[in-house]
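So the chains spell out like this:
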Amino acid sequence: MVHRIAVCRPQSAVYLEDCYLTTISTSVAVTGREADGGAWVALRENIFHPQGGGQPADRGRLGECAVVPVRHPDTGLVVLRARDEEGGALDALAEGDPVEAHVDRDARLLHAALHTAGHLIDAAGRSQGWYLAGNMHFPGQARIEFTPPETATSLAAPEAREEAADRLRAEIAAAIAADLPVSSEYDIDGRRVVRLGDLHAQHCGGTHVRSLADLADVTITAVKLKKSRIRVSYTAFHGPRR
Ligand SMILES: [Zn+2]
């Protein structure tokens with residue numbers, strides 16, 4: 001059963017509903033200042049993903065001002081701060097002002113592809129009997145870490161790790177060939193659950209591609225043992241259907 005929590009919030013998290021909406025005309029919901037005096041702005045309809053859950057922050061513009069989104073610790077809102085020193089464009093904004101926001105689409109789609117591929121590797125690792133222990137979806141350093149069900153000595157030999165990598169590759173390739181849909185819903189506690197078809201479900205607040213056929217060049221680059229964890233390093237890109 002799908003539940004949605006109906007609460008009157010000053011900001012809607014549009015980026016969770018539509019990963020591909022990278023331009024929006026909306027208005028300023030809240031403004032404020034950090035202790036260092038820097039202004040921040042929260043949009044009524046927010047299309048920016050802040051850093052979190054192993055995924056890097058989006059970057060983009062508010063009007064002509066380059067901005068970076070961060071999760072405001074006091075309010076829980078995603079707020080935009082000027083990327084450069086000249087935050088004057090944000091200083092001038094007030095609640096209710098109309099604004100146009102743009103997310104860097106290339107970066108967004110790369111982050112979504114890496115993040116979705118991370119779920120896919122998680123699913124493939126679980127079918128090996130491994131348990132998810134950590135994830136990092138940053139470009140150039142993407143990796144999923146697992147704890148094995150018992151000691152990882154069965155993966156001590158390089159040949160055993162390469163065989164495990166091949167099993168992961170086969171499962172990943174099959175899921176992409178099946179073009180499993182990527183969907184999200186909210187559980188009874190109001191937490192977002194992301195699914196890859198019937199293969200995988202995980203609580204997640206990240207951005208994802210529409211279906212696995214949107215992924216391109218998902219590559220397992222290494223399977224290593226690191227302090228009793230299995231580390232699966234990978235790369236992934238977004239396909240041409242942008
Ligand atoms: Zn996710």
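Residues numbered from 1 in each chain as written. Predicted model: local features only at pLDDT ≥ 70, side-chain atom pairs only at ≥ 80, totals over all residues. Heavy atoms only, no water.

Undergrad: Help me get a handle on the pattern of salt bridges, residues and values and all.
TA: Summed over the entire model, instances satisfying the criterion amount to 14 salt bridges. Salt-bridge contacts for Glu145 lead to Arg143; the nearest nitrogen and oxygen are separated by 3.9 Å. For Arg231, the salt bridge is made with Glu145, and the minimal N-O distance between the two is 2.7 Å. With a gap of 86 residues between them, Arg231 in strand S15 (residues 229–238) and Glu145 in strand S10 (residues 143–147) connect regions that are remote in the sequence. Linked through salt bridges whose partners overlap, the residues forming this network are Arg143, Glu145, Arg229 and Arg231. (Salt bridge = Lys/Arg side-chain N within 4 Å of Asp/Glu carboxyl O. Helix = DSSP H or I, 4+ residues; strand = E, 2+ residues; numbered from the N terminus.)

Undergrad: Describe in detail the nonpolar core, supporting the description with residues and values.
TA: Membership of the largest hydrophobic core comes to 35 residues, with the highest contact counts inside it found for Ile121, Trp130, Leu212, Ile220, Val232 and Tyr234. Ranked by the residues each element gives to this core, the list is headed by helix H3 (residues 105–126), at eight residues. Core analysis: the next-biggest nonpolar cluster, separate from the first, contains 17 residues, Val14, Phe48, Leu62 and Leu93 among them. (Core = buried A, V, L, I, M, F, W, Y, C linked by side-chain atoms within 4.5 Å. Buried < 20%, exposed > 50% of the residue type's maximum accessible area, 1.4 Å probe, protein only.)

Undergrad: Quick rundown of the environment of Thr207? Include the residues and the values.
TA: Along the chain, the position of Thr207 falls in the loop between strand S13 (200–203) and strand S14 (215–226). What makes Thr207 buried here is its relative accessible area of 1%. Sequence separation between Thr207 and Leu225 is 18 residues, and the spatial gap between their C-alpha atoms is 29 Å. Among residues more than four places away in sequence, those in contact with Thr207 are Tyr15, Cys19, His49, Gln55, Arg108, Ala112, His115 and Thr116. A polar contact is formed between the side chain of Thr207 and the side chain of Gln55, at a distance of 2.8 Å. (Contact = heavy atoms within 4.5 Å. Polar contact = N/O pair within 3.5 Å; in protein donor to acceptor, adjacent residues only side chain to side chain.)

Undergrad: Hey, could you go over the environment of Leu199 for me, with residue numbers and the actual values?
TA: Assignment of secondary structure puts Leu199 in the loop between strand S12 (192–196) and S13. In this structure, the C-alpha to C-alpha distance between Leu199 and Ala123, residues 76 residues apart in sequence, is 6.9 Å. Residues contacting Leu199, with those up to four places away along its chain left out, are Leu120, Ala123, Glu171, Ala175 and Leu180.

Undergrad: Requested: an account of the sheet that holds strand S5 (residues 60–62), with residues and values cited.
TA: Taken in spatial order, the six strands close into a barrel running S2-S3-S7-S6-S5-S8, and their pairing is antiparallel. Each adjacent strand pair in this sheet contributes to an overall mean axis angle of 45°, direction not counted. Pairing geometry for strand S2 (residues 23–33) and strand S3 (residues 39–43), over five bridges, is antiparallel. Bridged to Val28 within S3 is Leu43. (Pairing = 2+ DSSP bridges. Axes fitted to C-alpha atoms, helices over the stretch in contact; angles between N-to-C directions.)

Undergrad: For the coordination of the zinc ion, give the residues involved together with the corresponding values.
TA: Donor atoms from the polypeptide that coordinate the zinc ion comprise His115 (NE2), His119 (NE2), Cys204 (SG) and His208 (NE2), at 2.0 to 2.1 Å from the metal. Coordination at the zinc ion comes from four donor atoms whose angles at the metal span 95 to 121°, giving a geometry best classed as tetrahedral. Here the donor residues for the zinc ion map to a single chain with the spacing H-x3-H-x84-C-x3-H. Note that His115 is positioned in helix H3 and His208 in the loop between S13 and S14, a separation of 93 residues in sequence. Judged by relative accessible area, His208 falls into the buried class, the value being 8%. (Donors = N, O, S within 2.8 Å, 3.2 Å for Na, K, Ca; no water. Tetrahedral: all angles 85-135°; square planar, octahedral: opposite > 155°, others 65-115°.)

Undergrad: Quick one: what's the story with the domain arrangement of the protein, residue by residue and with numbers?
TA: Frequently, the measure chosen for interface size is the accessible area that the parts lose on association. If you check the domain split of the protein, you get domain 1 (12–103) and domain 2 (107–238). Computed from C-alpha atoms alone, the centre-to-centre distance between domain 1 and domain 2 is 29 Å. Of the residues lining the interface, 20 residues belong to domain 1; the matching set on domain 2 comes to 22 residues. Carbon and sulfur atoms make up 53% of the surface buried where domain 1 meets domain 2, a total of about 1,500 Å² over both sides. Counting across the interface, domain 1 meets domain 2 through ten residue pairs in polar contact (both at pLDDT 80 or more). Looking at which element gives the most residues to the side of domain 1 that touches domain 2, the answer is helix H1 (residues 14–17), with three residues. (Domains from an automatic or database assignment. Buried area = accessible area lost by both parts, 1.4 Å probe.)

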